[in-house]
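# Reading the structure
Each chain is listed here by its residues.
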Amino acid sequence: MSDKARADAASAEPVKKAYKIDGMSCASCAVSIESMLGATEGVESATVNFANEKLMVDYDAAQLNDDDIIAVVRQTGYNAALEAESGGASGKVTLGVKGMSCASCSASVESMLNATEGVSSAVVNFAAERVTVEYDPSQVKLPHLKRVVADIGYELVELDEDDDGSQAEEAKVRAAWKRLIVSAGLASAVMIVMMVHMFITPVPGYLGIVALLGAPVVFGTGRHVHLTAFKAMKAGRPNMDVLVSLGSLPPFIIGLGGFFFPIQTFIEMATTIMTFHLIGKYLEVRAKGRASQAIRKLVQMGAKTANVIVNDEEIEVDVKELEVGDIMIVRPGEKIPTDGVVVSGGSLVDESMATGEPVPVEKSETDEVIGATVNKQGVLRVRVTKVGKDTFLSQVIKMVEECQGSKVPIQEFADRVTGYFVPVILGLTALTFVSFNVFPEFHREILIWGAEFLPWVNPDLTPLTLAFVTATAVLVIACPCALGLGTPTALMVGSGIGAEKGILIRNGEAVQTLKDVAVVAFDKTGTITAGKPAVTDITVFQDAGATANGNGNGSDPEQRVLLYAASIENASEHPLAQAVVDSAADRGIKPSEVSEFEAVTGKGVRGTVDGTEVLVGSRALLEAAGIPTGAYEAQLRVFEDQAKTAMLVAAGGRALGIIAVADPIKEDSAQAVAELEHQGIRTAMITGDNERTANAIARTVGITRVISGVLPDGKVDEVRRLQDEYGLVAMVGDGINDAPALKQANIGVAIGTGTDIAIEAADVTLVRGELSALVTAVNLSRATFRKIKENYFWAWFYNAVAVPVAMFGLLHPMIGAAAMSVSSLNVVYNSLRLKRVLIEPGYTRGRSSASSGSSGTPGSPRLSGSPAAAERADAAGTEGAIPATVTPGTHTTAPAGEKEPMPAAENATTITLTKDEEDVMATETTTLNIKGMACQGCVASVQAALSQLDGVNEATVSLESNSATVQFDSAKLGQQELANAVAQAGYEVVN
């Protein structure tokens, strides 16, 4: 590193970079690289993802640079290159290199570029045929770099920045396939000649034939295995290639001794072992490609070209040429090229790519659109607001890559063990060889017993031969690969699934932590609620009709009340005023001109509309004008108890009605909260609103605990209190003031419709902004971690069983080589099965019933009824299934530190029963016609009241039909009890 570079780096912040590793063959390789970097001064952390061959390093730029990191990796016997980054204008570019044929070529290119003035770093990846160059654009330009390389006989070519790595991956698959075809063909020929020689007739020159057929396999297609093994041994860090090399090279060489001595040959065994290894590696490369296809899919989603307006003409340009401010034309069926804002036109846009939501979203002027989403109907003119790496899609790709390159805490123990795995296997191999020679009779007795049911066991061989065959079996049966693939493949698949469903997980630790949260704390505005006030109710007083005069906007009294209010509020800048104006516009009401407008601080607004004095505001505003409000007090309190802001409207000295404005609760908030509670996760709301408003919101959605009147800087303290009381806490928020609390929580969850600061502070981002995605995220966390544990179980189980069996001589080396390959594939394909697990909330899947959650979840209720029903419920729980429809209810707070029993409403589920099970539960279904419901809040109140009754299995309330369909146990309650529950909620059953 030059003095200038050192000086520049001295003031630099710690950096985090990704490197591509070439040459790893098992988890031991990854552990070796991590340990070497971890012992390097200046490196804060180093994490290797064996599955996608990526290294993530946090290091102090004042002490190290990219060359230093790559040099350390090379000391361990592997190749490294800086992860491809585009953008030559920024001083860093990744280019393709043509004409290289060996490592000397790559060294020449690298040295020439590093000697060029203005180049601070140049790293060549010979395997990928790429070079990453960091340079000062003020001193050297890209064409000059190309000439420097051309002068020594090579060519630099620019890469497509949308390259998703698929070409390199396909090249790996092709190379592995070629090795497989050659080795499998020759090995098959060896086996055929061997069977003819053994069972039909002696083959003249048999040893020479199998040696000629096997040599290309062991020394040709398997050459890279021996080279990697040599490098690993030279670095003092043996890996799986060492085991395969020792299992194939010595047997082949010893077999050649048959030309000179009357000994048994092992050339057939060596050839078969290498072939099985190459078969396994080919299948593993293909499977790993399927596991890592999430990034590839994301990259391929982007549009390649865009139609832009230049000098009043429409031209087609490459997306890479777009600049902020350009105006794009997007026609029906086309992808929106990049992030922007609609300047004209209207359409429906399919945003399922970003949010996972299949229903198209209506877009019109001033609405934001996301690049790579699909325009479904009209023509849109869109102004570009973000390009390149600033776009939503690029940020999603970055977050998915970061998650796939990270580790979960459970992997740390596996990595420590993996670091000792190969040395231990080598020790056991030596021990086995010695034991067979020192205690031959002991082992022969075991082999005689095994020969009775295992046809490949031959106890008649000499002790030395038995020792050699058994030691080889121990070498090739051990499989550290399965241990190394257990976590990263599951993370790669899980993070990809999350991205497709609009759930972005920043790191692997969040996957393990999210599944264990005890409490989810919600911010209110923008999280539980929509974050935008809207008119929810309009009440017209009986004596108002004669006073309110129309102006052509309709004679309906409710319209006239809204007309007066909208006309006055149209002159106000208050957020609630805009809600009234928007409501009038939605109904086609055009506000009238206002004169003598006045905003009365803390009370409301007043003005003159069509010659009539109009007042909109609080009780105090009307009473100050001599208009009594006592007769309307009851209705005002009803609205206020529902967390609504009630504005009285008066005209001509008489009160006309009340307009209620509220921040509406998101459609799925109550259902999402109910499912979280059902899974044993407590819910809390931390808000700055007053206690009365907060409690009203909490009652509606079923929140367990309310913490109100909290200032922005107090949210961190409240999160700490919840952590002290319950343990792991997840915080869900969307605003700038939520960012500190998101960091304090064990898991920070940002609503994607919120601010960038909140999203940056979070561990998980819900792109769609709906709380249903939070339930999906929890289920995804549990399902992913379950796969990780399954992978580790099978990897440990395989090695724990197979190695001892091999040590006793009961396993043939060729069978062991095949089993080793199967072990790795089992882990990868088990992770791929994660794609088939249902993780969405049941109510979003359109199901009307579900079983209980896993019995292993603290606080989860068990289903009553037959053992078969409970068994099915547990089985569903193991696949991440959760109740399809869970009705929200009002909950009470348990004593500190205790987990309260779930209310009866939380057991309101319906499961598919057999005929015998149906006899156990005497269920009845009835429909109640209900009077008095006016909004979704009323629906939630009635549903909660019915669901809390002991004996109610399911309650579905409809505002459209003003009815409730209830399934209940007729042995516990009847129609009258149901009607009483509805009456207590403030409504009337009119059946």
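Residues numbered from 1 in each chain as written. Predicted model: local features only at pLDDT ≥ 70, side-chain atom pairs only at ≥ 80, totals over all residues. Heavy atoms only, no water.

## Quick notes on the packing of aromatic side chains
Evaluated as defined, the whole model comprises six aromatic pairs. Taken together, a centroid distance of 5.2 Å and an interplanar angle of 85° make the contact between Phe219 and Phe252 edge-to-face. With Phe219 in helix H7 (residues 206-221) and Phe252 in helix H9 (residues 240-255), this pair connects stretches of sequence that are 33 residues apart. The exposure class assigned to Phe219 is partly exposed, which follows from its relative accessible area of 38%. Relative to Tyr632, the ring of Phe541 has its centre 3.7 Å away and its plane inclined at 5°; by these criteria the two rings are stacked. Of this pair, Phe541 sits in the loop between strand E20 (534-540) and helix H20 (557-569) while Tyr632 sits in the loop between helix H22 (619-624) and helix H23 (633-641); the two residues are 91 residues apart in sequence, bridging distant segments of the chain. A residue is classified by how much of its surface remains accessible, and Phe541, at 9% relative accessible area, is buried. Cluster of aromatic residues (ring-pair linked, three or more members): Phe793, Trp794 and Phe797. (Phe/Tyr/Trp six-rings, centres within 6.5 Å; stacked < 30°, edge-to-face > 60°. Helix = DSSP H or I, 4+ residues; strand = E, 2+ residues; numbered from the N terminus. Buried < 20%, exposed > 50% of the residue type's maximum accessible area, 1.4 Å probe, protein only.)

## With respect to the sheet that holds strand E30 (residues 764-766)
Spatially, E18-E30-E29-E28-E19-E26-E27 is the arrangement adopted by the seven strands of the open sheet, whose pairing is mixed. The sheet is open, and its two edges are formed by strand E18 (503-505) and strand E27 (705-707), each paired on a single side. Strand-to-strand, the axes of this sheet are offset by a mean angle of 20°, without reference to chain direction. As paired elements, strand E28 (residues 729-733) and strand E29 (residues 747-751) share four bridges and run parallel to each other. Bridge pairing in E29 links Val732 to Val749. On the sheet, helix H24 (residues 669-678) packs against strand E19 (519-522) and strand E26 (682-686) and is oriented at approximately 135° with respect to E26. (Pairing = 2+ DSSP bridges. Axes fitted to C-alpha atoms, helices over the stretch in contact; angles between N-to-C directions. Contact = heavy atoms within 4.5 Å.)

## Let's talk about the packing of helix H16 (residues 463-477) against helix H29 (residues 772-807)
One way to put it is that H16 packs onto H29 with a least axis distance of 8 Å and a crossing angle of 170°. Compared by their axis directions, H16 and H29 come out roughly antiparallel. For the pair H16 and H29, the contacting residues are Thr470, Ala473, Val474 and Ile477 in the first and Tyr798, Asn799, Ala802, Val803, Ala806 and Met807 in the second. Grouping the constituent residues of the contact of H16 with H29 by class yields eight nonpolar, two polar and no charged. (Parallel < 35°, antiparallel > 145°, perpendicular 65-115°, else oblique. Nonpolar A, V, L, I, M, F, W, Y, C, P; charged D, E, K, R; others polar.)

## Looking at the pattern of salt bridges
Using the criterion set out here, one finds 14 salt bridges in the structure. Across the pair Arg619 and Glu633 runs a salt bridge whose closest N-O atoms are separated by 2.8 Å. Residue Arg619 is located in helix H22, and its partner Glu633 is located in helix H23; the two are separated by 14 residues in the primary sequence. Here Arg619 falls in the partly exposed class, since its relative accessible area comes to 25%. The closest approach of N and O atoms between Asp717 and Arg720, which form a salt bridge, is 2.9 Å. In this pair, Asp717 and Arg720 are both assigned in helix H26 (residues 715-726), three residues apart and thus about one turn of the helix distant. We classify Asp717 as partly exposed; its relative accessible area is 35%. (Salt bridge = Lys/Arg side-chain N within 4 Å of Asp/Glu carboxyl O.)

## So, the sheet that holds strand E17 (residues 380-384)
Read across the sheet, six strands follow the order E10-E9-E11-E17-E12-E15 without closing on themselves; strand pairing throughout is antiparallel. Only two strands of the sheet have a single neighbouring strand rather than two, namely strand E10 (313-318) and strand E15 (368-369). Bridge count for strand E11 (residues 327-330) against E17 is four bridges, and the pairing is antiparallel. In the strand pairing of E17, Met328 is matched with Val382.

## Quick look at the confidence of the model for the protein
Taken over all residues, the pLDDT of the protein has a mean of 74, while the share at 70 or more is 75%. For the stretch residues 1-12, pLDDT sits under 50, and the model shows 13 contacts to residues farther than four places along the chain or on other chains. When the criterion is pLDDT under 50, residues 101-105 qualifies, and its contacts beyond four places in sequence or with other chains add up to five contacts. (pLDDT = per-residue confidence, 0-100.)

## Re the environment of Lys386
Looking at the element boundaries, Lys386 is found in the loop between E17 and helix H13 (392-404). Among the residues examined, Lys386 registers a relative accessible area of 34% and is labelled partly exposed. With 64 residues separating them in the primary sequence, Lys386 and Leu322 have C-alpha atoms 9.2 Å apart.

## Here's the deal with the pairing of E19
The alternating pattern of E19 places Val519 and Ala521 on one face and Val520 and Phe522 on the opposite face, and all of these are buried. One ladder, built from four bridges, connects E19 with E26; its direction is parallel. Opposite Ala521, over in E26, you have Ala684 as the bridge partner.

## Regarding the nonpolar core
Val520 and Phe522 are the most contacted members of the largest nonpolar core, which totals 46 residues. In terms of residue count, H29 provides more of this core than any other element does, seven residues in total. Among the nonpolar cores identified, the runner-up in size contains 28 residues, and Val244, Phe421, Val474 and Met814 belong to it. (Core = buried A, V, L, I, M, F, W, Y, C linked by side-chain atoms within 4.5 Å.)

## Structural notes on the environment of Val434
Summarising the element assignment, Val434 is placed in helix H14 (residues 409-438). Its relative accessible area of 47% is what places Val434 among the partly exposed residues. Considering only alpha carbons, one finds Val434 and Ala471, 37 residues apart in sequence, at a separation of 9.3 Å.

## Let's talk about the environment of Ala985
With respect to the secondary-structure elements, Ala985 resides in the loop between helix H34 (975-984) and strand E34 (988-989). It is 6.5 Å that separates the C-alpha atoms of Ala985 and Ser941, two residues lying 44 residues apart in sequence. Non-local contacts of Ala985, meaning those with residues more than four positions away in its chain, are made with Ser941 and Ala945.

## Overview of the side chain of Thr271
Structurally, Thr271 is set in helix H10 (residues 267-291). Those residues in contact with Thr271 that lie beyond four places of it in its chain are Ala187, Val190, Gly214, Val217 and Val218.

## Describing the side chain of Thr221
Note on placement: Thr221 falls in helix H7. A relative accessible area of 9% means that Thr221 is categorised as buried. In terms of polar contacts, Thr221 uses its side chain to reach the backbone carbonyl oxygen of Val217, at 3.1 Å. Contacts of Thr221, omitting those with residues within four sequence positions, involve Arg179, Val182, Ser183, Pro216 and Leu278. (Polar contact = N/O pair within 3.5 Å; in protein donor to acceptor, adjacent residues only side chain to side chain.)

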